[in-house]
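Take a look at the letters that make up each chain.
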Amino acid sequence: MSSTESAPTLHEEYLVAGMTCGHCVSAVTEELSAIDGVEGVDVDLNAGGVSRVDVTVSRPLASADVEAAIAEAGYSLAGA
């Protein structure tokens, strides 16, 4: 790959339980964005239910890193 080519963009999807508002979205977005390789976070908030979180990454993420970031924000992966 030449220096002008970028790495392929990947999307990983997670289901997060317990988010209820925009502050929740901000907390999860901030924690996930701190993981090396994360380029963007998009949350489809389902207040009080399970929210869908789409993470744009430059490389696959370790599930332990994602789970830790979600827990640091105060939430949990659905089904985890």
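Residues numbered from 1 in each chain as written. Predicted model: local features only at pLDDT ≥ 70, side-chain atom pairs only at ≥ 80, totals over all residues. Heavy atoms only, no water.

The name an unreviewed UniProt entry gives the protein chain is Copper chaperone CopZ, with Labedella gwakjiensis as the organism.

**Describing the overall build of the protein chain**
Note the threshold: Every helix listed is a DSSP run of H or I at least four residues long, and every strand listed is a run of E at least two residues long, numbered separately from the N terminus. Throughout this description, buried means an accessible area under 20% of the type-specific maximum (1.4 Å probe, protein chains only), exposed means over 50%, and partly exposed covers the range between. The contact criterion used is simple: two residues touch if any of their non-hydrogen atoms lie within 4.5 Å. Every accessible area reported is derived by Shrake-Rupley at a probe size of 1.4 Å, with residue values counting cover from the shown protein chains alone.
From N to C terminus, the protein chain includes two helices and four strands. Traced from its N-terminal end to its C-terminal end, the protein chain shows the element sequence β-α-β-β-α-β. Relative to its full complement of 80 residues, the protein chain shows a buried share of 32%. When contacts within the protein chain are restricted to residue pairs at least 6 apart in sequence, those whose partners lie at least 24 apart make up 64%. Counting only carbon and sulfur atoms, one obtains 49% of the accessible surface of the protein chain, whose full area is about 4,700 Å².

**A short note on the UniProt feature "domain: HMA" (unreviewed entry) in the protein chain**
As a reminder of what qualifies: UniProt positions are given in the numbering used here, feature names are shortened, and annotations may be inferred rather than shown by experiment.
UniProt's feature table lists "domain: HMA" (unreviewed entry) at residues 10-78, given in the numbering used throughout. In residues 10-78, the share of helix is 33% and the share of strand is 36%. The end C-alpha atoms are 21 Å apart.

**Points about the sheet that holds strand S4 (residues 76-77)**
Let me state the cut-off plainly: At least two DSSP bridges between two strands are required for those strands to pair. All axes here are fitted lines through C-alpha atoms, helices being fitted over the stretch that makes contact, and every angle between N-to-C directions spans 0 to 180 degrees.
If you trace the four strands from one edge of the open sheet to the other, you get S2-S3-S1-S4, paired in antiparallel fashion. Edge positions in the sheet fall to strand S2 (38-44) and S4, since each of these pairs with one other strand and no more. Here helix H1 (residues 22-33) sits on the sheet and contacts S2 and strand S3 (50-57); the angle it forms with S2, its principal contact strand, is near 160 degrees.

**Notes on the nonpolar core**
Going by this rule: Among the buried residues, those of types Ala, Val, Leu, Ile, Met, Phe, Trp, Tyr and Cys that are joined through side-chain atoms within 4.5 Å form a nonpolar core.
Residues Leu32, Val55 and Tyr75 are the most contacted members of the largest nonpolar core, which totals 22 residues. When residues of this core are traced back to their parent elements, those giving at least two are strand S1 (10-17), H1, S2, S3 and helix H2 (63-73). The dominant element in this core, judged by the number of residues it contributes, is H1, at five residues. Look past the residues within four positions of leucine 32 in its chain and what remains in contact with it is Val38, Val41, Val53, Val55, Val66, Ala69 and Ile70.

**Things to note about H2**
In an α-helix there are 3.6 residues to a turn, and that puts residues three or four apart on one side. Threshold: Throughout, the arc means the angular range of directions from the helix axis out to the C-beta atoms.
Those residues of H2 that fall on the buried side of the exposure criterion are Val66, Ala69, Ile70 and Ala73. Along the axis of H2, the buried residues cluster in a sector spanning 95 degrees; they form a single face. Facing away from the buried surface of H2 by more than 90 degrees, the exposed residues are Ala64 and Glu72. On its buried side, H2 packs onto S1, H1 and S4.

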